[in-house]
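Given next are the chains, with one letter for each unit.
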Amino acid sequence: MTQDQVLTRLQEGNARFVDDKLDGQLQDSNRRSALTSGQQPYAIILSCADSRVVPEFAFDAGLGELFVIRVAGNIANSSSIASIEYAVANLGTGIIMVLGHESCGAVTAAMKGGDNGENLNHLVGHITPAIKAAPDGASVNEVVKENARLTARELKERSSIIRQAVEAGKVRIVPAYYNLDSGKVDVLS
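Here is a short report on the structure shown in this document. (Residues numbered from 1 in each chain as written. Predicted model: local features only at pLDDT ≥ 70, side-chain atom pairs only at ≥ 80, totals over all residues. Heavy atoms only, no water.)

## Overview of the pairing of strand β3 (residues 95–101)
Alright, step 1. Burial within β3 is extensive, with seven of its seven residues counted as buried.
Alright, step 2. What you see with β3 is no split at all: Ile95, Met97, Leu99 and His101 on one side and Ile96, Val98 and Gly100 on the other are buried throughout.
Alright, step 3. In terms of strand pairing, strand β1 (residues 43–47) meets β3 through four bridges, oriented parallel. By the bridge assignment for β3, Ile45 is matched with Met97.
Alright, step 4. For β3 and strand β4 (residues 172–178), the ladder comprises seven bridges, and the chain directions are parallel. If you follow Val98 over to β4, its bridge partner there is Pro175. (Buried < 20%, exposed > 50% of the residue type's maximum accessible area, 1.4 Å probe, protein only. Helix = DSSP H or I, 4+ residues; strand = E, 2+ residues; numbered from the N terminus. Pairing = 2+ DSSP bridges.)

This is the structure we're talking about:
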């Protein structure tokens, strides 16, 4: 599939999810068996770990269709970048979507500030640039969107594998926003 076809497929799957018309394809023993020799996902999704945001459901995808990395705040840390690099270098996946979501707890924690302990402080530190880039008085959801945009840029800046694939036209990085109430995914500019 071309990158445009992949985005269309994601949007069509999301429309089915929003309309409660999931087709549930590629989720049975035949599909599991077909995937034992390898995988060829058509999209990489860097998503938040929030239990309310499940990319496979949100895009009505079956087994082996999405390469999903989940980390609170959908941040570009060393492990999430390495996972994406693996998929770009070895699986030929042409779309990376950075999927932020409404009312993100990690973004909320980053905005509140304070000492959350070593590990959580490290995580929310990745979100601080989005807080600084957002307008004064920005809502959590505005910062979530800015975080998705900045993370999309950061993937290219921090990884030569991803940057080279983008520059060669083999990969496109797309920031997006998941609406909790409707399930709709908005592609951000």
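That covers the picture; the talk isn't over yet.
## Regarding the environment of Phe59
Alright, step 1. Its place among the elements puts Phe59 in the loop between α3 (55–58) and β2 (66–70).
Alright, step 2. The sequence separation of Phe59 and Gln11 amounts to 48 residues, and the corresponding C-alpha distance is 7.1 Å.
Alright, step 3. Those residues in contact with Phe59 that sit more than four places away from it in its chain are Leu10, Gly13, Asn14, Arg16, Ile45, Leu66, Met97, Leu99 and Val185. (Contact = heavy atoms within 4.5 Å.)

## Considering unusual backbone geometry
Alright, step 1. One non-glycine residue, Asn74, lies in the positive phi region at around 40 degrees.
Alright, step 2. With respect to the helices and strands, the residue Asn74 is situated in the loop between β2 and α4 (78–91).
Alright, step 3. For Ser103, which is not glycine, the phi dihedral falls at a positive 55 degrees.
Alright, step 4. Along the chain, Ser103 turns up in the loop between β3 and α5 (105–112).

## Focus: the packing of aromatic side chains
Alright, step 1. Inspection of the entire model under this criterion finds one aromatic pair.
Alright, step 2. Both rings, one in Phe67 and one in Tyr86, keep their centres 6.1 Å apart while their planes meet at 35 degrees; by these two values the pair is tilted. In this pair, Phe67 is assigned in strand β2 and Tyr86 in helix α4, connecting sequence segments 19 residues apart.
Alright, step 3. For Phe67, a relative accessible area of 14% corresponds to the buried category.
Alright, step 4. Lys145 extends its terminal NZ or CZ atom over the ring of Tyr177, reaching a point 4.6 Å from the ring centre. (Phe/Tyr/Trp six-rings, centres within 6.5 Å; stacked < 30°, edge-to-face > 60°. Lys NZ or Arg CZ within 6 Å of the ring centre and 35° of its normal.)

## Comments concerning the environment of Arg32
Alright, step 1. With respect to the helices and strands, the residue Arg32 is situated in helix α2 (residues 29–34).
Alright, step 2. In this structure the C-alpha to C-alpha distance between Arg32 and Leu91, which are 59 residues apart in sequence, comes to 18 Å.
Alright, step 3. When sequence neighbours within four positions are dropped, the list of residues in contact with Arg32 reads Gln27 and Leu63.

## Side note on the nonpolar core
Soluble globular proteins tend to pack their nonpolar side chains together in the buried interior.
Alright, step 1. Ile44, Ile84, Val88, Ile96, Leu155, Ile162 and Ile173 are the most contacted members of the largest nonpolar core, which totals 37 residues.
Alright, step 2. Filtering out sequence-adjacent residues up to four positions away, Ile84 remains in contact with Ile44, Leu46, Ile69, Ile96, Leu155 and Ile162.
Alright, step 3. Grouped together as the second largest cluster of nonpolar side chains are 18 residues, Val6, Ile45, Leu66 and Ala176 included. (Core = buried A, V, L, I, M, F, W, Y, C linked by side-chain atoms within 4.5 Å.)

## Quick word on the sheet that holds β1
Alright, step 1. Read across the open sheet, the five strands follow the order β2-β1-β3-β4-β5; overall the sheet is mixed. In this open sheet, the two strands that pair with only one neighbour each are β2 and β5 (185–187). Ignoring which end each strand starts from, the neighbouring axes of this sheet average 25 degrees apart.
Alright, step 2. Across the sheet, α4 touches β1, β2 and β3, and the angle it forms with β2 is around 165 degrees.
Alright, step 3. Relative to the sheet, helix α8 (residues 140–158) contacts β1, β3 and β4, its axis offset from that of β4 by approximately 165 degrees. (Axes fitted to C-alpha atoms, helices over the stretch in contact; angles between N-to-C directions.)

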